[in-house]
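What follows is the residue order along each chain.
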Protein chains: 2
Amino acid sequence: MKALILYLPILDWGRTYSRDALTNDLVAAIIVTIMLIPQSLAYALLAGLPPEMGLYASILPLVAYAVFGTSRALAVGPVAVVSLMTAAAVGKLALPGTADYAAAAIVLAFLSGLFLLAMGLFRLGFMANFLSHPVIAGFITASGIIIATSQLKGILGIKADGENLFQLIQSLLLHLSDVNIPTLIIGVGATAFLFWVRKGLKPLLLKRGLTPRMADIMAKAGPVAAVAVTTFFSWALGLSKYGVAIVGTVPQGLPPLTIPSFNADIWTSLIGSAVLISIIGFVESVSVAQTLAAKKRQRIIPDQELIGLGASNIAAAVTGGYPVTGGFARSVVNYDAGAETPAAGAFTAIGIALATIALTPLLYFLPKATLAATIIVAVLSLVDFSILRTTWNYSRADFAAVAATILLTLGFGVEIGISAGVGLSIFLFLYRTSRPHIAEVGRVPGTEHFRNIKRHKVETHPEILTIRVDENLYFANARFLEDYLYDRVVGDKRLKHVVLMCSAVNEIDTSALESLEAINHRLSDMNIKLHLSEVKGPVMDKLQRTHFMSDLTGRVFLSQYAAIRELHADSGGTVSQTEPT
Amino acid sequence: MKALILYLPILDWGRTYSRDALTNDLVAAIIVTIMLIPQSLAYALLAGLPPEMGLYASILPLVAYAVFGTSRALAVGPVAVVSLMTAAAVGKLALPGTADYAAAAIVLAFLSGLFLLAMGLFRLGFMANFLSHPVIAGFITASGIIIATSQLKGILGIKADGENLFQLIQSLLLHLSDVNIPTLIIGVGATAFLFWVRKGLKPLLLKRGLTPRMADIMAKAGPVAAVAVTTFFSWALGLSKYGVAIVGTVPQGLPPLTIPSFNADIWTSLIGSAVLISIIGFVESVSVAQTLAAKKRQRIIPDQELIGLGASNIAAAVTGGYPVTGGFARSVVNYDAGAETPAAGAFTAIGIALATIALTPLLYFLPKATLAATIIVAVLSLVDFSILRTTWNYSRADFAAVAATILLTLGFGVEIGISAGVGLSIFLFLYRTSRPHIAEVGRVPGTEHFRNIKRHKVETHPEILTIRVDENLYFANARFLEDYLYDRVVGDKRLKHVVLMCSAVNEIDTSALESLEAINHRLSDMNIKLHLSEVKGPVMDKLQRTHFMSDLTGRVFLSQYAAIRELHADSGGTVSQTEPT
């Protein structure tokens with residue numbers, strides 16, 4: 001039963017579901033539904049898909065997450081960045097608007113679902129950790145810019161295509177003379193209205209005496225108002241006759257059952273994109289879920305979140321949807337509106353289902369420019385270059401990774417951008433550990449303490465060299481230590497002993513062990529003995545199982561002090577005082 | 001001048017070149033020449049190239065290395081593993097024996113040379129460190145098996161192709177009925193003879209009173225004897241009439257000047273292979289060079305070695321050769337024979353050049369089976385499975401990387417094998433650092449010392465939680481720490497303070513900083529204060545430049561003892577004794 005609850009969190013919260021929770025969840029669901037309808041349509045458009053696919057992606061996936069997910073406030077559905085990534089992935093296979101394109105998006109959701117499920121079942125949630133925060137921040141910012149730019153075409157009523165910023169701008173400039181004035185009026189009007197709703201409406205409502213929570217929720221209904229008003233004008237004035245692009249026929253009724261195509265070529269071309277989309281979606285979703293859970297001292301289980309999101313995406317694939325994940329803005333609204341359990345998501349699904357049954361005919365006259373305005377206003381809040389300043393001040397390596405992610409995403413599209421960012425941040429970390437801090441140490445006079453000879457006034461012995469390495473020894477720095485030692489030792493004819501002080505070494509891998517063997521061997525060729533000091537217990541246990549301990553020309557000392565005392569007594573050499581440099 | 005010497009080491013050793021050194025270098029050159037002639041022919045055959053290309057690759061490249069290289073004993077030329085990798089790379093573009101195939105091998109040498117030069121000029125030699133020793137050992141062993149198996153066709157006088165072990169075995173079995181008996185006799189005879197030379201000849205010569213060094217050198221001449229004897233029989237008995245494959249016409253004279261093809265498609269297809277070949281060749285070469293240099297307390301400069309090997313490969317590309325690197329067996333012979341400076345390599349080049357002028361007509365009747373025997377005997381000494389046992393006993397992560405490298409190399413060929421090995425060993429390292437050791441600590445009674453509550457009998461306070469993380473905090477473990485903390489904190493209603501003991505943290509990157517900010521924020525939502533203790537100077541310097549220090553709900557304590565003393569006094573809570581679990 002306990003295991004079952006782990007995999008089906010609904011069995012946990014479902015048993016204690018109360019009337020109060022029901023009321024709160026229902027209120028939250030109504031508000032999220034109102035927010036989700038225009039968003040679903042808009043993001044489907046952004047992904048190059050027919051608008052109904054956005055609605056379909058907001059029904060069964062939400063129910064699936066309610067059953068399998070662990071977050072009580074996460075609102076799942078189509079989101080901006082994943083929609084953009086879907087367009088980039090599927091665009092390689094087919095032209096937007098074709099049946100092949102929609103079919104590929106369904107396969108993408110299916111593959112993404114399978115991958116997330118597999119990661120969850122094998123408890124591989126930790127893999128998301130290899131996306132560093134700054135890289136994600138840079139990626140989201142760059143994606144936001146690309147999305148906003150791509151939607152300018154909707155505001156201007158022209159055509160424009162491109163996977164990266166430069167293609168988009170070029171394409172926009174090329175078609176600039178085709179601007180449709182009525183579309184421009186609707187687009188700019190809707191954009192201005194939505195910005196005002198965001199910034200100006202809430203203070204106004206507060207002044208009128210609404211509670212802050214109500215004012216906040218009213219402000220979230222802005223997009224629905226924009227949709228209603230522009231649709232009305234579009235119908236009343238017959239704007240489509242003047243060249244205003246409208247949504248047109250949206251099929252009425254519940255989502256169809258779809259079976260993803262099992263074409264090996266399509267699978268092969270999409271699998272890489274599915275992995276990227278899954279990981280980006282998972283990372284975004286988990287951070288929102290964690291933030292919201294922490295506020296109520298609740299917790300989420302990242303590996304189970306993978307299963308929840310996997311189930312959602314498979315649900316999307318079998319009901320004509322496309323890749324989904326937990327949305328940031330939407331989840332915050334859900335939380336603020338009082339959602340207490342994942343049931344709120346299921347109720348939202350019912351709301352969207354009702355909308356697909358009853359409201360779709362009303363969407364016929366909805367201008368696409370309104371949806372473009374919705375997207376632009378939504379994604380511009382994602383654009384935040386402060387990460388560049390933060391990392392510049394704090395860590396240049398992180399800055400390099402962020403800058404590369406932003407530039408490559410803008411210049412070469414989302415897939416290359418995020419891959420390069422992840423690769424570069426891992427490379428920079430490995431690079432730093434591959435060149436560890438190595439200090440030559442001497443004894444602080446009058447103590448048993450050994451410190452860096454460059455920073456402290458210490459005693460050394462010309463026949464004894466003590467080296468302290470401040471990093472685990474592993475393959476990437478094994479040769480660095482070798483080189484450092486040989487460089488230091490070659491030419492110093494007085495040396496008889498080298499002591500490796502291992503106080504900061506928590507691990508020695510096989511490569512480092514072989515390097516130590518080589519060092520031992522080569523020092524022996526030079527008639528220098530190699531000793532170790534302050535080796536930690538677990539490291540010593542492993543070393544005891546090897547030949548190294550018997551081959552070692554010198555000894556292993558419990559403390560550095562013991563090493564110097566005994567070696568110095570044996571050789572009877574002189575003591576030098578060194579000053580910090 | 002100093003910078004010039006750095007880039008042209010010949011200016012260093014050349015100025016002090018003595019008559020003694022000349023004599024020693026000449027003797028070494030003669031011995032290496034004798035060893036190199038059959039090897040060059042054989043390895044060219046292994047690479048699927050005409051035999052003269054092996055000779056060409058042993059002339060100008062050696063001179064180039066003598067000018068730019070820093071090792072005094074390294075003998076450069078075609079080697080087994082790189083020849084196999086050349087065959088794998090070039091085989092994707094053209095059929096062995098065609099002009100396109102040879103042209104692609106030349107391009108490969110050129111690309112490899114450019115890549116090595118670029119790495120050297122940008123001082124990127126450290127990149128070779130990301131090849132772990134066990135992965136290389138596994139790769140060489142697997143390559144040796146593939147090479148030996150591929151050469152069985154030469155011994156049996158049949159045809160067989162394949163990039164991996166299973167294709168090779170399948171192909172051998174398929175053609176087994178075509179075995180040519182005279183070829184088999186020569187092949188098995190030569191193999192047996194060469195094994196005897198390796199194992200039995202030296203003791204015999206020692207018994208006859210030769211010095212160990214002379215006996216060793218004589219034994220190295222075995223392959224030349226095998227070539228001479230089998231060529232004689234092949235000529236005298238007219239063996240080619242009985243189906244024995246012979247080398248045939250080898251062009252007489254110095255290498256031609258060749259200009260690598262500048263075809264973009266060929267470059268694109270070969271660049272990945274060129275990178276792999278360069279790195280593998282460099283790693284092998286540098287380890288031999290370092291081992292030999294250490295014996296004489298000399299040193300090599302890895303970044304300059306890249307330039308030396310780069311120049312060699314470009315020299316190979318412009319004189320009809322193919323990728324070269326420093327050979328292990330050959331360099332040891334060179335060293336043992338007394339080579340004192342890189343001039344020995346230049347003299348070897350002259351020896352090979354003379355051979356291409358004078359001896360090539362004699363090679364007409366040389367049976368290919370003899371060359372196959374030479375290769376088999378040479379590469380079987382590379383096969384060494386002991387790394388599997390070593391790593392199994394010492395480190396399971398390393399074992400996994402080696403086993404994967406061997407299996408994937410045997411099963412899918414050299415390029416997939418080595419790439420997977422490198423990828424896996426980096427992944428396993430990252431995985432380990434992504435799940436650092438985290439301990440909850442308490443005070444050892446009567447001291448100011450804090451230890452793991454699971455291992456020691458310590459005092460704790462129910463309202464204060466102290467966590468010690470034994471790893472640098474960076475993106476891959478930032479979320480792990482977050483998860484660990486939330487899991488620990490959620491549900492513990494008594495907690496008022498969390499202290500993060502940072503004694504083992506040498507670095508906090510931007511992601512980890514953001515995690516700390518998130519932890520601070522979320523703990524604050526739970527009315528828990530976050531404190532830090534024992535933060536190192538450089539880490540503190542970086543933190544001071546951020547908002548984190550002003551946002552921190554708690555304080556930064558110099559020592560863990562101070563933290564507990566002051567926090568406990570403030571809250572006036574109780575003290576608990578915990579027993580180790």
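Anything mentioned here points back to the structure above.
Residues numbered from 1 in each chain as written. Chains lettered and ligands numbered in written order. Predicted model: local features only at pLDDT ≥ 70, side-chain atom pairs only at ≥ 80, totals over all residues. Heavy atoms only, no water.

## Describing the overall build of chain A
Next, step 1: Of regular secondary structure, chain A possesses 25 helices and 10 strands.
Next, step 2: For chain A, the C-alpha radius of gyration of 31 Å lies well beyond 25 Å, the compact-globule estimate for 581 residues.
Next, step 3: Going through the 581 residues of chain A one by one, you find that 56% of them count as buried.
Next, step 4: Partitioning the contacts of chain A with sequence separation of at least 6, the portion at a separation of at least 24 is 80%.
Next, step 5: When the accessible surface of chain A is totalled, it reaches about 23,600 Å², and 64% of it is carbon and sulfur.
Next, step 6: Averaging the positions of the 44 positive and the 39 negative side-chain charges in chain A gives two centres separated by 8 Å. (Helix = DSSP H or I, 4+ residues; strand = E, 2+ residues; numbered from the N terminus. Rg over C-alpha atoms; globule rule 2.2 N^0.38 Å. Buried < 20%, exposed > 50% of the residue type's maximum accessible area, 1.4 Å probe, protein only. Contact = heavy atoms within 4.5 Å. Areas by Shrake-Rupley, 256 points an atom, 1.4 Å probe, with all protein chains shown as cover. Lys, Arg positive; Asp, Glu negative; His and termini not counted. Charge placed at Lys NZ, Arg CZ, Asp CG, Glu CD.)

## A few points about the packing of aromatic side chains
Next, step 1: For the structure on display, the rule yields 28 aromatic pairs over all chains.
Next, step 2: Taking the centre distance of 5.9 Å and the plane angle of 50° together, the rings of F232 of chain A and W235 of chain A count as tilted. Of this pair, F232 of chain A and W235 of chain A both sit in helix α12 (residues 222-237), three residues apart, which is roughly one turn of that helix.
Next, step 3: According to the relative accessible area criterion, F232 of chain A is partly exposed, its value standing at 47%.
Next, step 4: Both rings, one in W392 of chain B and one in F399 of chain B, keep their centres 4.8 Å apart while their planes meet at 75°; by these two values the pair is edge-to-face.
Next, step 5: Its guanidinium or amino end placed over the ring of Y394 of chain B, K542 of chain A lies 4.7 Å from that ring's centre, counting from NZ or CZ.
Next, step 6: Its guanidinium or amino end placed over the ring of W392 of chain B, R396 of chain B lies 3.8 Å from that ring's centre, counting from NZ or CZ. (Phe/Tyr/Trp six-rings, centres within 6.5 Å; stacked < 30°, edge-to-face > 60°. Lys NZ or Arg CZ within 6 Å of the ring centre and 35° of its normal.)

## A short note on the interface of chain B and chain A
Next, step 1: Contacts between chain B and chain A engage 66 residues on the former and 65 residues on the latter.
Next, step 2: A buried area of about 6,200 Å², summed over both sides, lies between chain B and chain A, and 55% of it is on carbon and sulfur atoms.
Next, step 3: For E507 of chain B, the salt bridge is made with R432 of chain A, and the minimal N-O distance between the two is 2.4 Å.
Next, step 4: The interface formed by chain B and chain A includes 13 residue pairs in polar contact (both at pLDDT 80 or more).
Next, step 5: Elements with a contribution of two residues or more to the side of chain B that touches chain A: α8 (133-156), α13 (264-295), α18 (386-394), α20 (414-434), α21 (475-489), α22 (510-525) and α23 (537-544) of chain B. (Buried area = accessible area lost by both parts, 1.4 Å probe. Salt bridge = Lys/Arg side-chain N within 4 Å of Asp/Glu carboxyl O. Polar contact = N/O pair within 3.5 Å; in protein donor to acceptor, adjacent residues only side chain to side chain.)

## Re the pattern of salt bridges
Residues and elements named next belong to chain A.
Next, step 1: This model, assessed by the stated rule, comprises 18 salt bridges over all chains.
Next, step 2: D492 is paired through a salt bridge with R488; the nearest N and O atoms lie 3.2 Å apart.
Next, step 3: With relative accessibility at 27%, the residue R488 sits in the partly exposed group.

## Focus on the nonpolar core
Next, step 1: Among the nonpolar cores identified, the biggest contains 98 residues, and L49, M85 and Y322 of chain B are the most heavily contacted of them.
Next, step 2: The element best represented in this core is α13 of chain B, accounting for 13 residues.
Next, step 3: Not counting residues within four places of it along the chain, the set of residues in contact with L49 of chain B comprises A44, Y101, A102, A105 and Y322 of chain B.
Next, step 4: One finds M53, L168, V227 and A316 of chain A within the second-largest nonpolar core, a separate group that totals 97 residues. (Core = buried A, V, L, I, M, F, W, Y, C linked by side-chain atoms within 4.5 Å.)

## A look at the relation of the copies chain B and chain A
Next, step 1: Turning chain B through 180° and shifting it by 0.0 Å along the axis lays it on chain A, with an RMSD of 0.1 Å. Both copies are brought into coincidence by an operation consistent with a two-fold rotation axis.
Next, step 2: In this assembly, 98% of the residues forming the interface of chain B have copies in chain A that are likewise at the interface, indicating an isologous arrangement. (Least-squares fit on C-alpha atoms with pLDDT ≥ 70 in both.)

## Quick notes on the packing of helix α10 (residues 181-207) of chain A against helix α11 (residues 212-220) of chain A
Helices that pack against each other are described as a pair by the angle of their axes relative to one another and the distance between those axes.
Residues and elements named next belong to chain A.
Next, step 1: Relative to each other, α10 and α11 sit at 145°, their axes nearing to 9 Å. Where α10 crosses over α11, the two elements pack in a sense that is right-handed. On α11, the residues that touch V197, L201, K202, L205 and L206 of α10 are P212, A215, D216, M218 and A219.
Next, step 2: Its residues assigned to classes, the contact of α10 with α11 shows eight nonpolar, no polar and two charged. (Axes fitted to C-alpha atoms, helices over the stretch in contact; angles between N-to-C directions. Left-handed = near helix turned anticlockwise from the far one by under 90°. Nonpolar A, V, L, I, M, F, W, Y, C, P; charged D, E, K, R; others polar.)

## Looking at the pairing of strand β6 (residues 464-469) of chain A
Residue and element names in this part refer to chain A.
Next, step 1: Most of β6 is tucked away: six of the six residues are buried.
Next, step 2: The side-chain alternation of β6 yields two buried faces, one formed by I464, T466 and R468 and the other by L465, I467 and V469.
Next, step 3: When β6 meets strand β7 (residues 497-501), the two strands line up parallel, connected through five bridges. Among the inter-strand pairings, I464 is bridged to a residue of β7, identified as H497.
Next, step 4: Between β6 and its parallel partner β7, the chain crosses via helix α21 (residues 475-489), and the hand of that crossover is right-handed. (Pairing = 2+ DSSP bridges. Right-handed = clockwise from strand over helix to strand, strands pointing away.)

## Some remarks on unusual backbone geometry
Next, step 1: Despite not being glycine, N527 of chain A shows a phi value in the positive range, around 60°.
Next, step 2: The residue N527 of chain A is located in the loop between α22 (510-525) and β8 (529-533) in this model.
Next, step 3: Phi angles above zero are rare outside glycine, and E534 of chain B is one such case at about 55°.
Next, step 4: The exposure class assigned to E534 of chain B is partly exposed, which follows from its relative accessible area of 25%.

## A short note on the environment of T319 of chain B
All names here are of chain B.
Next, step 1: You can see T319 is positioned in the loop between α14 (302-318) and β2 (325-326).
Next, step 2: Accessibility expressed as a relative area gives 6% for T319, which makes it buried.
Next, step 3: Beyond its immediate chain neighbours, meaning those up to four positions away, T319 contacts Y56, L60, P255, P256 and T258.

## Observations concerning the side chain of S285 of chain A
All names here are of chain A.
Next, step 1: Here S285 is to be found in helix α13 (residues 264-295).
Next, step 2: Since its relative accessible area comes to 0%, S285 is described here as buried.
Next, step 3: Ignoring anything within four residues of it in the chain, the contact list for S285 reads L74, L309, T325 and G326.

## Observations regarding the environment of R468 of chain A
Residue and element names in this part refer to chain A.
Next, step 1: Relative to the elements of secondary structure, R468 occurs in strand β6.
Next, step 2: The buried category is assigned to R468, whose relative accessible area is 15%.
Next, step 3: Taking the C-alpha atoms as reference points, R468 and A401, separated by 67 residues in sequence, lie 30 Å from one another.
Next, step 4: Those residues within four positions of R468 in sequence are excluded, and the remaining contacts are H437, I438, A439, V441, F450, M501 and S503.

## Some thoughts on the pairing of β8 of chain A
Residues and elements named next belong to chain A.
Next, step 1: Among the five residues of β8, four are classified as buried, and the element is accordingly described as predominantly covered.
Next, step 2: Pairing geometry for β7 and β8, over five bridges, is parallel. Directly across from V498, in β8, lies its bridge partner L530.
Next, step 3: For the crossover from β7 across α22 to β8, the handedness is right-handed.

## Considerations on helix α20 (residues 414-434) of chain A
Next, step 1: Along its 21 residues, α20 of chain A runs 30 Å from first to last C-alpha, staying within 8% of the 30 Å computed at 1.5 Å per residue.
Next, step 2: Turning to α20 of chain A, its buried residues number three or more, namely V414, E415, G417, I418, G421, S425, I426, L428, F429, L430, T433 and S434 of chain A. (Expected span 1.5 Å × (residues − 1).)

## Focus: the packing of helix α6 (residues 80-90) of chain B against α13 of chain B
Residues and elements named next belong to chain B.
Next, step 1: For the pair α6 and α13, the least separation of the axes is 10 Å and the interaxial angle reads 175°. In terms of their interaxial angle, α6 and α13 are classed as roughly antiparallel. Where α6 approaches α13, its residues V81, V82, M85, T86 and A89 are matched on the opposing element by L270, S273, L276, I277, I280 and G281.
Next, step 2: When its residues are assigned to classes, the contact of α6 with α13 shows eight nonpolar, three polar and no charged. (Parallel < 35°, antiparallel > 145°, perpendicular 65-115°, else oblique.)

## Some thoughts on the environment of L380 of chain B
Residues and elements named next belong to chain B.
Next, step 1: Tracing the chain through its elements places L380 in helix α17 (residues 368-380).
Next, step 2: The class for L380 is partly exposed, based on a relative accessible area of 36%.
Next, step 3: Considering only alpha carbons, one finds L380 and F347, 33 residues apart in sequence, at a separation of 29 Å.

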